[in-house]
Amino acid sequence: MDYLSNGFDASIEDIDVGAIIRNGREILLQAFNWESCKHDWWRNLLNKVPDIARSGFTSAWLPPATHSFSPEGYLPQNLYSLNSSYGSEHLLKDLLQSMKQYKVRAMADIVINHRVGTTIGHGGKYNRYDGIPLSWDEHAVTCCTGGLGNQSTGDNFHGVSNIDHSQHFVRKDIIGWLKWLRNTVGFQDFRFDFARGYSAKYVKEYIEGAKPIFSVGEWWDSCNYSGHGLDYNQDSHRQRIINWINGTGQLSTAFDFTTKGILQEAVKGELSRLRDPKGKPPGLMGWWPSRAVTFLDNHDTGSTQAHWPFPSHHIMEGYAYILTHPGIPSVFYDHFYDLGHSIHDQIVHLMGIRKHQDIHSRSSVRILEAQPNLYAAIIGNKLCMKIGDGSWCPAGREWNLATSGHRYAVWYSA
């Protein structure tokens, strides 16, 4: 086994896993899309690290870096092999070193709900892992996906053996692997893939064991729809995400799929959706902003998969919303690098205003307007913004225009 040593600090015992969440001044970049595995990705990102750092991103979420049955990385097999479709172990090492030098944390994509077996076992299924590190037998696989383990503690990911996290030997091995990613490889943050697939209490155990600096979970289920499209009230949807966060002992944040679902309908002329019945933002961000990672798209919802895409003509309205509001905003690679210099620079400008005005994950929001064609709010008493094609500007001489673009404007108070 070639354990890569990057010169990263060997001890993480003194890491305070809650410090970054308490500080609340993160801006994340999802640094890949669904096609990245075809494009010598580690080398591509290495060239972009200076721009990523200069733009103000604190952490960059990288695609799954370990060996996978599928090129995108989401059907893992040999978890200790760092040669993937994204590039070699050597190139990954160079990228992580550069990110460390530029003070951008590397976020590992942790795909531990399921694992592709190497050999056929019980029931004629590939549910054994002979010949590779973590050489588990069928007892590591849930009985509902063809193994000899216990029932799953979450939803099944179909078509592949799902890992039984209730087994002590499995959790011990996973914690060992996560510590290796942290201590030896040099990842600092974790993103938990398909978090619906296993109990949140195991995520808590993994965070406590490996001590990532920052964690975020993908707890994604469908928003509430009726015959008229997306329901105005999505409280039950955001409550399900909150339940998952609580299950992690509040150690992890979660992607705010509620805000994404509402915002992408709101910008189509339904901006009144952006105020809930109690006058707050209607997504997870409105209830628990310090644990809400807001975003417009990712490799599943957007990119070439486009399962649930944000409307392309409203991208900057979307970023004008999430980059001025509480929560922890995340920017998608395709929007930042593939839509031209103007969009890139507008996003960077909004990030700079957020930082300059010290808007953070817990900043207050006072919603002033929420009409079909106009949304306006004051955030942290230091910043004012509007989106939509309705004409509006803040009252009071203390407000100065910071930036404006297609259907958005932002002001700051001196």
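In this text, all values refer to a predicted model and were calculated from it rather than measured experimentally. (Residues numbered from 1 in each chain as written. Predicted model: local features only at pLDDT ≥ 70, side-chain atom pairs only at ≥ 80, totals over all residues. Heavy atoms only, no water.)

> Is there a simple way to explain helix α2 (residues 41-55) in this structure?
An ideal rise of 1.5 Å per residue puts 21 Å on 15 residues; α2 measures up with 20 Å between its terminal C-alpha atoms. Maximum bend of α2: about 50 degrees, positioned at Lys-48, with proline Pro-50 one to four residues after it. For α2, the set of buried residues is Trp-41, Trp-42, Asn-44, Leu-45, Lys-48, Val-49, Asp-51, Ile-52 and Ser-55. The elements touched by buried residues of α2 are β1 (28-30), α3 (89-101), α10 (333-337) and α11 (341-356). Just beyond α2, the residue with positive phi is Gly-56, at close to 110 degrees. (Helix = DSSP H or I, 4+ residues; strand = E, 2+ residues; numbered from the N terminus. Expected span 1.5 Å × (residues − 1). Bend = angle between axes of the 7 residues up to and from the residue. Buried < 20%, exposed > 50% of the residue type's maximum accessible area, 1.4 Å probe, protein only. Contact = heavy atoms within 4.5 Å.)

> Looking at this structure, how should I read the packing of aromatic side chains?
Here the distance between the centres and the angle between the planes together describe a pair of aromatic rings. This model, assessed by the stated rule, comprises 19 aromatic pairs. The interplanar angle of 85 degrees and the centroid separation of 5.3 Å between the aromatic rings of Phe-32 and Trp-61 together place this pair among those described as edge-to-face. You can see Phe-32 sitting in the loop between β1 and α2 and its partner Trp-61 sitting in strand β2 (residues 59-61), a full 29 residues away along the chain. Looking at Phe-32, the relative accessible area reads 1%, which means it is buried. With a relative accessible area of 3%, Trp-61 lands in the buried category. Considering the side-chain rings of Tyr-129 and Trp-136, the 5.9 Å spacing of their centres and the 80 degrees angle between planes classify their relative orientation as edge-to-face. You can call Tyr-129 buried: its relative accessible area is 1%. An aromatic cluster is defined as three or more aromatic residues linked by ring pairs; in this entry it consists of Phe-32, Trp-61, Trp-220, Phe-255, Phe-257, Phe-295 and Trp-308. Sitting above the plane of the Tyr-337 ring, Lys-48 keeps its charged end 5.1 Å from the centroid. Taking NZ or CZ as reference, Arg-238 lies 3.9 Å from the ring centre of Trp-287, over its face. (Phe/Tyr/Trp six-rings, centres within 6.5 Å; stacked < 30°, edge-to-face > 60°. Lys NZ or Arg CZ within 6 Å of the ring centre and 35° of its normal.)

Remember, this is a structural readout, not a statement about activity or role.
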